[in-house]
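Below, each chain spelled out in residue letters.
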Amino acid sequence: MNPDQAMVVEPLVILALALAPGVFWAWYFYRRDKYEPEPAALIVKIFLLGVLITFPVAFVEGFFGLFIVSPLIMGAVIAPIVEEYGKFAVVRRFAYHNTEFNEPMDGIVYAAAAALGLATLENVLYVFTAYLTSPSLALGTIVVRAIFSVPGHALFAGVWGYALGRAKFAAPEERSGIVLRGLALGMVLHGIFNFLLISAEIVTYALAVFVLVLIPGLWLLANRNIKQALERGHR
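About the criteria used
- Residues numbered from 1 in each chain as written.
- Predicted model: local features only at pLDDT ≥ 70, side-chain atom pairs only at ≥ 80, totals over all residues.
- Heavy atoms only, no water.
- Helix = DSSP H or I, 4+ residues; strand = E, 2+ residues; numbered from the N terminus.
- Rg over C-alpha atoms; globule rule 2.2 N^0.38 Å.
- Buried < 20%, exposed > 50% of the residue type's maximum accessible area, 1.4 Å probe, protein only.
- Contact = heavy atoms within 4.5 Å.
- Axes fitted to C-alpha atoms, helices over the stretch in contact; angles between N-to-C directions.
- Parallel < 35°, antiparallel > 145°, perpendicular 65-115°, else oblique.
- Left-handed = near helix turned anticlockwise from the far one by under 90°.
- Nonpolar A, V, L, I, M, F, W, Y, C, P; charged D, E, K, R; others polar.
- Patch = residues over 30% accessible without salt bridge, like charges linked within 9 Å, V, L, I, M, F, W, Y side chains within 5 Å.
- Areas by Shrake-Rupley, 256 points an atom, 1.4 Å probe, with all protein chains shown as cover.
- Salt bridge = Lys/Arg side-chain N within 4 Å of Asp/Glu carboxyl O.

K.L.:
Account for the overall build of the chain, with residues named and values stated.
P.N.:
Along the chain, the regular secondary structure elements total eight helices and zero strands. When the helices and strands of the chain are placed in sequence order, the string is α-α-α-α-α-α-α-α. Against the 2.2 N^0.38 benchmark of 18 Å for 235 residues, the chain shows a C-alpha radius of gyration of 18 Å, consistent with a compact globule. For the chain, the spread of C-alpha atoms along the principal axes amounts to about 60 × 40 × 35 Å. In the chain, which comprises 235 residues, the share counted as buried stands at 47%. A separation threshold of at least 6 residues defines the contact pool for the chain, and within that pool the share at least 24 residues apart is 78%.

K.L.:
Tell me what's going on with the packing of helix α3 (residues 71–94) against helix α4 (residues 104–131), and back it up with residues and numbers.
P.N.:
For the pair α3 and α4, interaxial distance at closest approach is 9 Å and the crossing angle is 130 degrees. Overall, the two elements α3 and α4 adopt an arrangement that is oblique. Viewed along their axes, α3 and α4 form a crossing whose handedness is right-handed. On α4, the residues that touch E83, K87, V90 and V91 of α3 are Y110, A111, A114, A115, L118 and E122. Taken together, the residues that form the contact of α3 with α4 break down as seven nonpolar, no polar and three charged.

K.L.:
Tell me about the environment of R175, residues and numbers included.
P.N.:
With respect to the secondary-structure elements, R175 resides in helix α7 (residues 172–199). C-alpha of R175 to C-alpha of L164: the two residues are 11 residues apart in sequence and 8.2 Å apart in space.

K.L.:
How would you summarise the packing of α3 against α7 if you had to cite specific residues and measurements?
P.N.:
One way to put it is that α3 packs onto α7 with a least axis distance of 8 Å and a crossing angle of 145 degrees. Along this stretch, α3 crosses α7, giving a crossing that reads as right-handed. The residues of α7 that touch α3, namely those facing P71, L72, G75, A76, A79, P80, I81, E83, E84, Y85 and F88, are V179, L183, G186, M187, H190, G191, N194, F195 and I198.

K.L.:
Would you mind going over a nonpolar patch on the surface in detail, with residue names and values included?
P.N.:
Judged by side-chain polarity, F59, V60, F63, F64, L66 and F67 come together as a nonpolar surface patch covering roughly 660 Å² of accessible area. On the secondary structure map, V60 appears in helix α2 (residues 40–65).

Written out as C-alpha cells, the structure is:
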C-alpha cells in the first residue's frame, strides 16, 4: 500500500472503530428483549434520530457555555440535563405512541437506541479529535469510551426508558410522576458519572469510585430494570 492509500484507509478504519461500539451496544440491548423484539427498522429510526438530536443538544449546551465558565458545572449539571432530555424527547415523540411500544421492556430498548445514536456521533467527534494528535491516542480513546462512555449513555437512558415503559401501562394519574422520577434519576446518574470523570483528573480516589462503585452499580440497576420489565410484560 502506497502512502497516499494509507492516508485514506487509516481514517476510514478509525471511523469504523469509532462507530462500532454504538452499533454493538444497540444490538446488545435490542437482544435483551427476548420475548417480543421490536421491529429492526424502528430501532434503526430511533437510533438515527438519536444521532440527529445531538445537533440541537450541542447548540443548547453551547448556549449555556456562553454564560457558565465552570467545566464542572457544564459537565456534571448542564450536559446531563440537556442530553438526557434530548434523548427522552426522541423516544417520547417517535416511539412511545407507536403501536409497537406494547410492553415495559420496550421503553428500555428504545431509550438505549436513542442514547446510543447520540453516543455514537459523540464518540466519532471525540475519537477524531484525538486522532488529530496521534492514531495511538485515537485507538486508546476508542477502547476507553467503548467500555465506559458509550454504554454509559444507554445505562442512563435505560433508567427513564424503564419509567416510560412502566408509565404507559400504569394508571393515568400515576404516569407523570413515574416518568419525572425516572428522568430525574437518569440525569442525576449521568451527572455523577461526569462529575467523577472530571474529578479524577484532580482527586485520585474519584477514579476508583467510578470504576469500582458507579459502573458496577449502573449495570446492576440496568439488569434489575430489564428483569422487572420483562416480568411485568409477561405476567
